[in-house]
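# Chains, contacts and geometry: an overview
In case you want the letters, here they are:
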Amino acid sequence: MFVTWDQRRLIQIGFLAFGCSLAGFALAREPIGAFTIGFVLGFFYFATTTAMSTIFQGRARDEERGRLTALWFVA
């Protein structure tokens, strides 16, 4: 879906949208609103972390990628 997008730009948009949706989630008073905003919050969280992981793995050397990715997931 986002393959053609610039990953760095996607991270910037993702952080902004994540922050806004997190604020909206904190202000939600009804359960249906909280669930709806929670879905949006999760979408932007995973979009952002996936883009960061893609850049990270693309820049790592082949012989180090496995070890670094393990540390990435633990962190």
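These remarks concern the structure in this document. No experiment lies behind these values; they were computed from the predicted model shown. (Residues numbered from 1 in each chain as written. Predicted model: local features only at pLDDT ≥ 70, side-chain atom pairs only at ≥ 80, totals over all residues. Heavy atoms only, no water.)

### Some points on helix α1 (residues 7-27)
The condition is simple: Helix and strand assignments come from DSSP, with helices taken as H or I runs of at least 4 residues and strands as E runs of at least 2, each series counted from the N terminus. For a helix, the expected span equals 1.5 Å multiplied by the number of residues minus one. Relative accessibility thresholds used throughout: buried, under 20% of the residue-type maximum; exposed, over 50%; partly exposed, between the two (1.4 Å probe, protein chains only). This arc is taken over the directions from the axis of the helix to the C-beta atoms. Two residues qualify as a contact provided that any one of their heavy atoms is within 4.5 Å of a heavy atom in the partner residue.
Over its 21 residues, α1 extends 30 Å from the first C-alpha to the last, a length consistent with the 30 Å expected when each residue adds 1.5 Å. Those residues of α1 that sit buried are Gln7, Leu10, Ile11, Gly14, Ala17 and Ser21. Across the axial projection of α1, the buried residues extend over an arc of 140°, all falling on one side. Counted as exposed and oriented over 90 degrees from the buried face of α1: Arg8, Leu16, Cys20, Ala26 and Leu27. Buried residues in α1 make contact with α2 (31-59).

### Comments concerning the packing of aromatic side chains
Worth spelling out the cut-off: Stacked, tilted and edge-to-face pairs are distinguished by plane angle, under 30 degrees for stacked and over 60 for edge-to-face with tilted covering the rest, among Phe, Tyr and Trp rings (Trp via its six-membered ring) whose centres lie within 6.5 Å.
Using the criterion set out here, one finds four aromatic pairs in the structure. Taking the centre distance of 6.2 Å and the plane angle of 45° together, the rings of phenylalanine 18 and tyrosine 45 count as tilted. Here phenylalanine 18, found in helix α1, pairs with tyrosine 45, found in helix α2; they are 27 residues apart in sequence, far enough to count as distant. Take phenylalanine 18: its relative accessible area is 25%, and that puts it in the partly exposed class. In this structure tyrosine 45 comes out as partly exposed when scored by relative accessible area, which is 41%. Ring geometry for phenylalanine 56 versus tryptophan 72: centroids 4.8 Å apart, planes at 15°, classification stacked. Of this pair, phenylalanine 56 sits in helix α2 while tryptophan 72 sits in helix α3 (residues 65-74), and the two are 16 residues apart along the sequence. The exposure class assigned to phenylalanine 56 is partly exposed, which follows from its relative accessible area of 23%. For tryptophan 72, a relative accessible area of 31% gives the class partly exposed.

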